[in-house]
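# Remarks on the overall topology
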Amino acid sequence: MKILTIVGARPNFMKAAPLLGCLRRRGHQPLLVHTGQHYDANMSDAFFRDLGLPTPDRHLGIGSGSHAQQTAKIIAAFEPVVLELAPDLVVVVGDVNSTLACTLVCSKLGIPVAHVEAGLRSRDRTMPEEINRLVTDCLADLLLTPSPDGDENLRAEGVPAEKIHHVGNIMIDSLVQHLDAARRCDVVARLALPASGYGVVTLHRPSNVDDPATLAGILGALREISRDLPLVFPCHPRTAGQLDRAGGAGGLKVIEPLGYIEFLALVANSKLVLTDSGGLQEETTYHRIPCLTIRDNTERPITITQGSNVLAGTDPRRLVTLAREALARPRQSRPVPALWDGKTADRIVDVLEQWWRSRSAG
Ligand code: UD1
């Protein structure tokens, strides 16, 4: 079975790496295409290095642009590549524009697609990722879900049960594999963060960072919180471009984006995370570190019902209150969600091999 996996943006890399490793271990020779949606050394190369990802078989070099431009460029560039590589199956991960664009190309060519991280829904169509999730899941042939809510969402949308497979959370495979390396990492000392503890901030959602007034309100709340707990802020390039217009991030320790292992170490040793990222809601759930999600909704509700996540919204006063409450609460010790166990890649390869056997038989 010739399997081609797609990566494009930062949150894809830690989802693809365990799958590629597992496919190789089990005797397959997987192909990898990087669309180049993310291209800075610290948004892409650092992750390839830390996660042991192989050099992609093809790099499409797409780069940034409006959603339409970026998606259209990926579609046009990927079509000849997938025709040339002629895979039996294409695996897409997550919910970025590369996920949607490559799925669309394959569907029109009749090439089967498996979607890793299927079924998540924020029910907020102003979020570009929600559109990507809906379209990808509508078109994909195999829907590999991280949590039971994903299965329920897909069933409610009329997806036939035989397409849906609850395999668990593949991001946790990467996390588990690299915890030892993170323990050896000296990033906390290198950044001279206080021994008494610190919090980690990440912000990059267009709804939070593109409007200077919204971003200024959030930064004001973070400044207030940093009086109780020093905050370190690895800043996404989209956000870095907006900081000045929002009055700067005084009071916070703003740093460049970190690689996978350094960031894992930074989060694992923190007391509190404030974020609008999807993946971090899951990683903090695994670490049982309190997380305030600076959004009004989440496509990962299991991180609230079974994890350490609180949906905080963007109101500055509420953010400050919730941060104080989170710091005062004793640390949770509840179990992580089912199948967030570091073995998701194996379960995915089981599903793919089973699919291939029944296809070959039929
Ligand atoms: C993308 C994903 C988002 C994901 C995020 C993680 C979509 C719709 N969005 O958002 O789901 O959570 O990645 O980072 O696919 N830029 C650089 N260097 C880079 C990449 C981006 O400078 O390597 C800057 C550019 O100015 C670019 C902006 O960041 O215009 C936004 O990048 P883009 O890929 O469009 O969206 P993200 O906000 O990164």
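Report follows, based on the coordinates. (Residues numbered from 1 in each chain as written. Predicted model: local features only at pLDDT ≥ 70, side-chain atom pairs only at ≥ 80, totals over all residues. Heavy atoms only, no water.)

Let us now look at the layout of surface pockets. Taken as a whole, the largest pocket encloses approximately 1,100 Å³ of empty space. Along its surface, the largest pocket is lined by 49 residues, and Arg 10, Pro 11, His 38, His 204 and His 236 are the ones closest to its centre. Looking at the lining of the largest pocket, the elements that each hand over two or more residues are helix 1 (10-25), helix 2 (41-51), helix 3 (67-85), helix 5 (128-139), helix 11 (237-240), helix 12 (260-268) and helix 13 (279-287). The class makeup of the residues in the lining of the largest pocket is 21 nonpolar, 16 polar and 12 charged. Each of two domains, domain 1 (2-168 + 340-361) and domain 2 (180-328), supplies a minimum of three residues to the lining of the largest pocket. Each pocket or cavity is described by its volume, and for the second largest pocket that value is around 200 Å³. By residue number, the principal contributor to the lining of the second largest pocket is helix 9 (residues 206-209), which donates three residues. (1 Å grid on protein atoms, 1.4 Å probe; cavity = no way out; pocket = protein on both sides within 12 Å on 5 of 7 lines; lining within 4 Å. Points joined across faces, edges and corners; volume = space filled by probe spheres on them. Helix = DSSP H or I, 4+ residues; strand = E, 2+ residues; numbered from the N terminus. Nonpolar A, V, L, I, M, F, W, Y, C, P; charged D, E, K, R; others polar. Domains from an automatic or database assignment.)

Attention now goes to the pattern of salt bridges. Taken as a whole and assessed by the stated rule, the structure comprises 24 salt bridges. Notably, a salt bridge pairs Arg 25 with Asp 346, separated by 3.9 Å at the nearest N-O pair. Taken as a pair, Arg 25 in helix 1 and Asp 346 in helix 16 (residues 344-361) lie far apart in primary sequence, 321 residues in all. Put simply, Arg 133 and Glu 130 hold a salt bridge, and the shortest N to O gap is 2.9 Å. (Salt bridge = Lys/Arg side-chain N within 4 Å of Asp/Glu carboxyl O.)

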